[in-house]
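Chain residues, written in single-letter form:
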Amino acid sequence: DASTHSLLKRKGWCTFTKSFRYTSREQFEADAEKHLVDSSSDYGWSEERPMYGWVVGSCDFYACDDKSNDELIAERRMRSLFELTKKCHEDLDGATILITGASGMLGRALHRLLLDSSSSPSSSSKYTIIGTGNTRLQVDHCSEYFSPATSDTESKQKTVQLHQLNLLDFDDTTEFLHKYNPDVIVHCAAERFPDAFETKLEESMKLNVESTRHLARECQRLAEEKEIANNKKAGPYLIYISTSYVFDGGITSKEYPPYHPNSKVNPLNNYGRSKWEGECAVRDILNNRTPTNEKEGAAGGRGIVLRVPLLYGEDCCDLSESPALDMMKVFLPSSAEAAAHTTRKKVDHWAPRFPTSVEDVARVLQLMIDQILENKFPAVASSSGNTYHVASPHRTTKYELMQLQTKLLNIPASQVTERTVEDSSGPPKNSAPRPQCTQLDCSQTWKALGLNGVDEQFEFVSLEDGMKRALIGFPERFPKK
């Protein structure tokens, strides 16, 4: 009894929603980051006794004996050991983060990450997160990445309701921003498929360029209003998601990868041009030095451009959502009969790609957001003009990636040969032009985030692990088209 023992104090409580039994060593070890049991300890896996996991529900602290206004938080150190520390109330407490395109791959990953961080009792990041969408307003969030149906599915997946926001309705957008008054806007919404872009050019340009320009203007307007009102909080920061397709691979510019933020741009297709024009709108409106923004960050503004390469999601249920997964559609069961009567699908083996998990990009964005709210970004001033790159270092072609995917799924080599063929002939024909290689140099990003030391390097998921997660449950998980 804690009340009769001088060395024990009751600090708080927690509830458990359920317990479950581990059925295999593999399942137990896969949960190592949750139960934190050292495999060599007496509590490690044993075939001789049943092994159970307990799912934590809610938890809280009793009234603190400390008379200060600081709140105690518990940070887990090992298994059942927690360190009680005082929570410092920084500027990020109560900050509002707005995510456009929260139904898309990157928007979903960031929305889920920020919601999880904000609701975690041990997290120091407490935000109000507003995810928006236009037509798809209900999305499923998985706790980590997609998990196939199990008895524990309910605890790993939940449906999240998004706020409806049509970015092409500028009056509605203005009203929405003034209502929620965000501190940071992450602009993920875009038409991001080059070929689809060409089929609806006017609408796509308006979404990628004009909606971005309008968001930037409204951010500037909100900043000016706060300055007039002597509001100590700065106006909203706008993080604009752009693409490596602003570069041409050297075909015309004669500037070759890896590309730095200040490298010469020369987009080859309308999608790349639209993202470059969006970048220019953000810089022109938010990063030109004025009395309002001259002290806003080392680069002189509240507009941040983040360029990314080919992305893939670990929670996708539609292979068409990412070109890094799309070629696997030919191996869906419904494709077998059709494949036997058609020519083999050509898979690109000409262009080097750097497939990057949206989970990794979301983690970088969270670091950036936290440091912005703490007035610590960028940690090191640079000449990049508030433009940064995030890309995995793992290089592959789509054909090599497909070979890895089929190997992970134990698809017979004979089936791969029957249904696909490598294509090394050059740029894709009958589609929007694409550069061969647009590898991004991320060194300025790591410096801006203060990740310069050997022990502070950002670690991307390996391509093999990322693809394992992205294809869990194949083929049942994906619609058969």
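Because the structure is predicted, anything quoted here is derived from the model rather than measured. (Residues numbered from 1 in each chain as written. Predicted model: local features only at pLDDT ≥ 70, side-chain atom pairs only at ≥ 80, totals over all residues. Heavy atoms only, no water.)

Draft legend 1. Focus on the overall build of the protein chain. Helix and strand content of the protein chain: 14 helices and 17 strands. Here the protein chain holds 481 residues, and the buried ones make up 47% of them. Sequence-distant contacts, at least 24 apart, represent 74% of the contacts inside the protein chain between residues at least 6 apart. Of the roughly 24,400 Å² of accessible surface on the protein chain, a fraction of 49% belongs to carbon and sulfur atoms. (Helix = DSSP H or I, 4+ residues; strand = E, 2+ residues; numbered from the N terminus. Buried < 20%, exposed > 50% of the residue type's maximum accessible area, 1.4 Å probe, protein only. Contact = heavy atoms within 4.5 Å. Areas by Shrake-Rupley, 256 points an atom, 1.4 Å probe, with all protein chains shown as cover.)

Draft legend 2. Spatial organisation of unusual backbone geometry. Cis rather than trans, the peptide bond between proline 257 and proline 258 has omega equal to 5°. Tracing the backbone shows proline 258 in the loop between β11 (237-243) and α8 (270-286). Between phenylalanine 474 and proline 475 the backbone carries a cis peptide bond, its omega angle lying at 5°.

Draft legend 3. Expanded view of the pairing of β11. Buried residues dominate β11, accounting for 7 of its 7 residues. Bridge count between strand β10 (residues 184-187) and β11: 4 bridges; the pairing is parallel. Looking across to β11, one finds that valine 186 is bridged to isoleucine 239. Relative to strand β12 (residues 303-308), β11 runs parallel, the two sharing 6 bridges. Considered in β12, the bridge of tyrosine 240 is made with valine 305. (Pairing = 2+ DSSP bridges.)

Draft legend 4. Just the environment of glycine 466, in detail. In this fold, glycine 466 is placed in helix α14 (residues 463-470). The exposure class assigned to glycine 466 is buried, which follows from its relative accessible area of 0%. The spacing of glycine 466 and glycine 313 is 153 residues in sequence and 8.7 Å in space, taken between C-alpha atoms. Beyond its immediate chain neighbours, meaning those up to four positions away, glycine 466 contacts Tyr312, Glu314 and Val461.

Draft legend 5. Representation of the packing of aromatic side chains in the model. Here the structure, examined in full by the defined rule, presents 11 aromatic pairs. Geometrically, the ring pair formed by phenylalanine 377 and tyrosine 388 is edge-to-face, given 5.4 Å between the ring centres and 65° between the ring planes. Remark: tyrosine 388 occurs in strand β16 (residues 387-389) and phenylalanine 377 occurs in the loop between α10 (358-373) and β16; sequence separation between them is 11 residues. Looking at tyrosine 388, the relative accessible area reads 1%, which means it is buried. Taken together, Tyr22, Phe28 and Trp45 form an aromatic cluster joined through their ring pairs. Lying over the aromatic face of phenylalanine 170, lysine 206 brings its terminal NZ or CZ to 5.6 Å of the ring centre. (Phe/Tyr/Trp six-rings, centres within 6.5 Å; stacked < 30°, edge-to-face > 60°. Lys NZ or Arg CZ within 6 Å of the ring centre and 35° of its normal.)

Draft legend 6. Spotlight on the environment of leucine 463. Looking at the secondary structure, you find leucine 463 in helix α14. By relative accessible area, leucine 463 is classed as buried at 12%. If sequence neighbours within four positions are ignored, leucine 463 has contacts with Pro355, His394, Thr396, Leu401 and Leu404.

Draft legend 7. How the structure looks around helix α3 (residues 105-119). If you check α3, its first and last C-alpha atoms are 21 Å apart, about what 15 residues at 1.5 Å a residue would give, namely 21 Å. Within α3, 11 of the 15 residues are buried, which leaves the element mostly enclosed by the surrounding structure. (Expected span 1.5 Å × (residues − 1).)

Draft legend 8. Region of interest: the side chain of asparagine 386. Positionally, asparagine 386 belongs in the loop between α10 and β16. At 3.1 Å, the side chain of asparagine 386 forms a polar contact with the backbone oxygen of glycine 303. (Polar contact = N/O pair within 3.5 Å; in protein donor to acceptor, adjacent residues only side chain to side chain.)

Draft legend 9. Main features of the environment of threonine 417. By secondary structure assignment, the location of threonine 417 is in helix α12 (residues 413-419). Note on threonine 417: relative accessible area 48%, which makes it partly exposed. Each C-alpha atom, one on threonine 417 and one on arginine 344, is 8.3 Å from the other, the two residues being 73 residues apart in sequence.

Draft legend 10. Broad picture of the packing of helix α11 (residues 398-408) against α14. As a packed pair, α11 and α14 sit with axes 10 Å apart at the nearest point and diverge in direction by 60°. Considered as vectors, α11 and α14 are oriented oblique to each other. Our pair here, α11 against α14, has a crossing hand that is right-handed. Across the interface between the two elements, Leu401, Leu404, Gln405 and Leu408 from α11 touch Leu463, Glu464, Met467 and Lys468 from α14. Looking at the contact of α11 with α14 residue by residue, the class counts come to 5 nonpolar, 1 polar and 2 charged. (Axes fitted to C-alpha atoms, helices over the stretch in contact; angles between N-to-C directions. Parallel < 35°, antiparallel > 145°, perpendicular 65-115°, else oblique. Left-handed = near helix turned anticlockwise from the far one by under 90°. Nonpolar A, V, L, I, M, F, W, Y, C, P; charged D, E, K, R; others polar.)

Draft legend 11. Geometry of the packing of helix α7 (residues 201-228) against α8. Between α7 and α8, the shortest axis-to-axis distance is 9 Å and the interhelical angle comes to 15°. With respect to each other, α7 and α8 are oriented roughly parallel. For α7 against α8, the interelement crossing comes out right-handed. Counting all contacts with α7, which are made through Leu201, Met205, Asn208, Val209, Thr212, Arg213, Ala216, Arg217, Cys219 and Gln220, the residues of α8 involved are Asn270, Tyr271, Ser274, Lys275, Glu277, Gly278, Ala281, Val282, Ile285 and Leu286. Taken together, the residues that form the contact of α7 with α8 break down as 10 nonpolar, 6 polar and 4 charged.

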